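Observations on the model geometry
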Amino acid sequence: MKFFLDTAIVEDIKNAVQLGMCDGVTTNPTLIMKSGRDHMEVIKEISSIVDGPISVEGNGMTADEMIKEGKEFSTWGKNIVVKVPMTEEGLKAVRVLEKEGIKTNVTLVFSPSQALLAAKAGASYVSPFVGRLDDISHDGMFLVDEIKQIYSNYGYKTEIIVASIRHPLHVVEAAKAGADIATIPAKVLSLMWNHPLTDKGIQKFLEDSKKNEKH
Ligand code: E4P
């Protein structure tokens, strides 16, 4: 399973790279805003740190606008993936960009029919937003199961990025569902290694090892 970092904070990305936990990065306009940095400048920096795919999102609404933006983004680094919203215009843009060798990530996906269309359009990645579905009392992870089943039925190559992750269990459930990728906020990644019994165990072993020194 691949782990992407869902952030535009360079320090968090560097830390995850050091841990070997960063196979790629996803960004969106909200995450860029939170970084407080210039869009192009921060994406170029991230692209120089991470070898894997970096998803970049613009604000075009028509296919032509999305294609123009996508072509521009693809010059920002060797590993840029263009995020395209799940709309009719977005699907048109996916076909053109993929034909031109620019990888796309269809974002804001909330239903299996949307995911099926993304795969048929030839998207490299699809991003079901599990947390936002959970927020409105729908089972976000059930959507991932459905997409996985549909893609395996027909051998679609589109990779499933489980997005809008809110807690470590989402990552575990994504892994159990066989999702290709989980895109994880830095805070959630750090929660994955924490366990009170680990801390308690370390403390006890330290105390006992000090006692051993006295013998
Ligand atoms: C990633 O591609 C998505 O943009 C991101 O996971 C959305 O997360 P949110 O629902 O917490 O904003």
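Structure shown above.
Rules used in this analysis
Residues numbered from 1 in each chain as written. Predicted model: local features only at pLDDT ≥ 70, side-chain atom pairs only at ≥ 80, totals over all residues. Heavy atoms only, no water. Salt bridge = Lys/Arg side-chain N within 4 Å of Asp/Glu carboxyl O. Helix = DSSP H or I, 4+ residues; strand = E, 2+ residues; numbered from the N terminus. Buried < 20%, exposed > 50% of the residue type's maximum accessible area, 1.4 Å probe, protein only. Pairing = 2+ DSSP bridges. Axes fitted to C-alpha atoms, helices over the stretch in contact; angles between N-to-C directions. Contact = heavy atoms within 4.5 Å. Right-handed = clockwise from strand over helix to strand, strands pointing away. Expected span 1.5 Å × (residues − 1). Arc of directions from axis to C-beta. Phe/Tyr/Trp six-rings, centres within 6.5 Å; stacked < 30°, edge-to-face > 60°. Near = heavy atom within 4 Å. Polar contact = N/O pair within 3.5 Å; in protein donor to acceptor, adjacent residues only side chain to side chain. Areas by Shrake-Rupley, 256 points an atom, 1.4 Å probe, with all protein chains shown as cover. Nonpolar A, V, L, I, M, F, W, Y, C, P; charged D, E, K, R; others polar.

1. Examining the pattern of salt bridges
- Throughout the structure, instances matching the rule amount to 10 salt bridges.
- Lys-83 is the partner of Glu-57 in a salt bridge, and the nearest nitrogen-oxygen pair spans 3.6 Å. Of this pair, Glu-57 sits in strand β3 (residues 54-57) while Lys-83 sits in strand β4 (residues 80-85); the two residues are 26 residues apart in sequence, bridging distant segments of the chain.
- Overall, Glu-57 belongs to the buried group, its relative accessible area being 13%.
- With relative accessibility at 8%, the residue Lys-83 sits in the buried group.
- A salt bridge links Lys-92 to Glu-89, with the nearest nitrogen and oxygen atoms 2.7 Å apart. With a gap of 3 residues between them, Lys-92 and Glu-89 both fall in helix α5 (residues 88-99), about one helical turn apart.
- Judged by relative accessible area, Lys-92 falls into the partly exposed class, the value being 41%.
- Residue class for Glu-89 comes out partly exposed when judged on its relative accessible area of 25%.

2. Brief notes about the sheet that holds β4
- The 8 strands lie next to each other as β1-β2-β3-β4-β5-β6-β7-β8, forming a closed barrel whose pairing is parallel. Across the sheet, the mean angle separating the axes of adjacent strands is 30 degrees when strand polarity is ignored.
- In terms of strand pairing, strand β5 (residues 104-109) meets strand β6 (residues 125-128) through 3 bridges, oriented parallel. Considered in β6, the bridge of Val-109 is made with Pro-128.
- Most of the contacts of helix α4 (residues 63-73) go to β4, to which it runs at about 160 degrees, and overall it touches β3 and β4.

3. Looking at the pairing of β6
- Residues Tyr-125 and Ser-127 of β6 are buried on one face, and the alternating residues Val-126 and Pro-128, pointing to the opposite face, are buried as well.
- With helix α6 (residues 112-121) bridging β5 and its parallel neighbour β6, the resulting β-α-β unit is right-handed.
- Pairing analysis gives 2 bridges linking β6 to strand β7 (residues 159-162), with the strands arranged parallel. Within the sheet, the bridge partner assigned to Val-126 lies in β7 and is Ile-160.

4. Overview of α5
- Between its first and last C-alpha atoms α5 spans 17 Å; for 12 residues at 1.5 Å apiece the expected length is 16 Å, and the two agree.
- Buried residues of α5: Gly-90, Leu-91, Ala-93, Val-94 and Leu-97, and no others. The buried side chains of α5 occupy one side of the element, clustering within an arc of 160 degrees when seen end-on. Away from its buried face by more than 90 degrees, α5 exposes Glu-88 and Lys-99.
- For α5, the elements touching its buried residues are α4, β4, β5 and α6.

5. Let's talk about the packing of aromatic side chains
- Taken as a whole and assessed by the stated rule, the structure comprises 5 aromatic pairs.
- With a centroid separation of 6.4 Å and 65 degrees between ring planes, the pair formed by Phe-4 and Tyr-125 is classed as edge-to-face. Pair noted here: Phe-4 is in strand β1 (residues 2-6) and Tyr-125 is in strand β6, with a separation of 121 residues, a long-range link. Each of the two residues, Phe-4 as well as Tyr-125, counts as buried.
- Linked through ring pairs, Tyr-151, Tyr-154 and Tyr-156 together constitute an aromatic cluster.

6. Concerning the site of the ligand
- All residues in the neighbourhood of the ligand are listed as Asp-6, Thr-26, Asn-28, Lys-83, Phe-129, Arg-132, Ala-163, Ser-164 and Arg-166.
- Here an oxygen atom of the ligand and a side-chain polar atom of Ser-164 are 2.6 Å apart.
- Arg-166 is positioned with one of its side-chain polar atoms (N or O) 2.8 Å from an oxygen atom of the ligand.
- Here the ligand loses 84% of its free accessible area of 350 Å² to cover by the protein chains.
- Looking at the shell around the ligand residue by residue, the class counts come to 2 nonpolar, 3 polar and 4 charged.

Function cannot be inferred from these measures alone, as they are strictly geometric.
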